Amino acid sequence: VQLQASGGGLVQAGGSLRLSCAASGRTLNNYVMGWFRQAPGKEREFAAAISRSGGNTLYADSVKGRFSISRDNAKNTVYLQMNSLRPEDTADYYCAADPTGWNSVYKDPSRYAYWGQGTQVTVSS
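Residues numbered from 1 in each chain as written. Predicted model: local features only at pLDDT ≥ 70, side-chain atom pairs only at ≥ 80, totals over all residues. Heavy atoms only, no water.

Right, let's get into the state of the cysteines. Scanning the entire structure with this criterion turns up one disulfide. The disulfide partner of Cys 21 is Cys 95, and the S-S distance across this bridge is 2.1 Å. Residues Cys 21 and Cys 95 share a disulfide whose torsion about the S-S bond is about 65 degrees; that sign makes it right-handed. Within this pair, whereas Cys 21 is found in strand β3 (residues 17–24), its partner Cys 95 is found in strand β9 (residues 91–98), the two being separated by 74 residues in sequence. (Disulfide = S-S within 2.5 Å. Helix = DSSP H or I, 4+ residues; strand = E, 2+ residues; numbered from the N terminus.)

Here the focus is the pairing of strand β11 (residues 119–124). Across the two faces of β11 the burial differs, with Thr 119, Val 121 and Val 123 buried and Gln 120, Thr 122 and Ser 124 not buried at all. Where strand β2 (residues 9–12) meets β11, four bridges bridge the pair, whose relative direction is parallel. Of the residues in β11, the one forming a bridge with Gly 9 is Val 121. (Buried < 20%, exposed > 50% of the residue type's maximum accessible area, 1.4 Å probe, protein only. Pairing = 2+ DSSP bridges.)

Relative to the helices and strands, Asn 76 resides in the loop between β7 (67–72) and β8 (77–82). Ignoring anything within four residues of it in the chain, the contact list for Asn 76 reads Cys 21, Ala 22, Ala 23, Arg 26, Thr 27 and Leu 28. (Contact = heavy atoms within 4.5 Å.)

Let us now look at the packing of aromatic side chains. The geometry of two aromatic rings is summed up by the distance between their centres and the angle between their planes. Counting across every chain of the model gives five aromatic pairs. With a centroid separation of 5.6 Å and an interplanar angle of 75 degrees, the aromatic rings of Phe 36 and Phe 46 are classed as edge-to-face. With a gap of ten residues between them, Phe 36 in strand β4 (residues 32–38) and Phe 46 in strand β5 (residues 45–50) connect regions that are remote in the sequence. Across the pair, exposure class does not vary: Phe 36 and Phe 46 are buried alike. A network of ring pairs unites the aromatic residues Phe 36, Phe 46, Tyr 112 and Trp 115 as a single cluster. (Phe/Tyr/Trp six-rings, centres within 6.5 Å; stacked < 30°, edge-to-face > 60°.)

This part takes up the nonpolar core. What tends to happen in soluble globular proteins is that the nonpolar side chains get buried as a cluster. Membership of the largest hydrophobic core comes to 37 residues, with the highest contact counts inside it found for Leu 3, Met 33, Trp 35, Ile 69, Leu 80, Met 82 and Tyr 93. Mapped onto this core, the elements with two or more residues apiece are β1 (2–6), β3, β4, β5, β7, β8, β9 and β11. Ignoring sequence-local partners within four residues, the contact set of Ile 69 consists of Met 33, Trp 35, Ala 48, Ala 49, Ile 50, Thr 57, Tyr 59, Val 78, Tyr 79 and Leu 80. (Core = buried A, V, L, I, M, F, W, Y, C linked by side-chain atoms within 4.5 Å.)

The four strands are arranged β1-β3-β8-β7 in an open sheet whose pairing can be described as antiparallel. The open sheet terminates on both sides in strands that have one partner only, identified here as β1 and β7. Within this sheet the neighbouring strands show an average axis-to-axis angle of 15 degrees, counted without direction. Across six bridges, β3 lies against β8 in antiparallel orientation. In the sheet register, Leu 17 faces β8, and the bridge partner there is Met 82. (Axes fitted to C-alpha atoms, helices over the stretch in contact; angles between N-to-C directions.)

For the structure shown, the criterion picks out five salt bridges. When the shortest N-O distance is used, the salt bridge between Lys 64 and Asp 61 registers 3.2 Å. Residue Lys 64 shares its accessibility class with Asp 61, and that shared class is exposed. What you see here is one network of salt bridges that share partners, running through Arg 37, Glu 45, Arg 66 and Asp 89. (Salt bridge = Lys/Arg side-chain N within 4 Å of Asp/Glu carboxyl O.)

Here it is, written out as structure tokens:
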């Protein structure tokens, strides 16, 4: 599966962005999907994940209550709605696909076999 992330940009603190991750090559309902992010000089970290059906989600504590992950399997796309953005949310955001998961979702990036290119999010104070 090939993944293409988009929707990043520059936004003021308190603003919102919606990231999209479009899949091609295989249908998205074969994968648990996750969003990760990497800030300059820092390691990549988990942000959110969603099960194949969309029934289970998982969030990092740092984004819980502000970010929402969703998927539209008919459109082969996963979304990350980001509200109340903070300067510390500035990072490159990556979508990733886990072919082994089903209803369970995980933070561990090693489970995700396929990765898209990053989309840059910059939050100004």
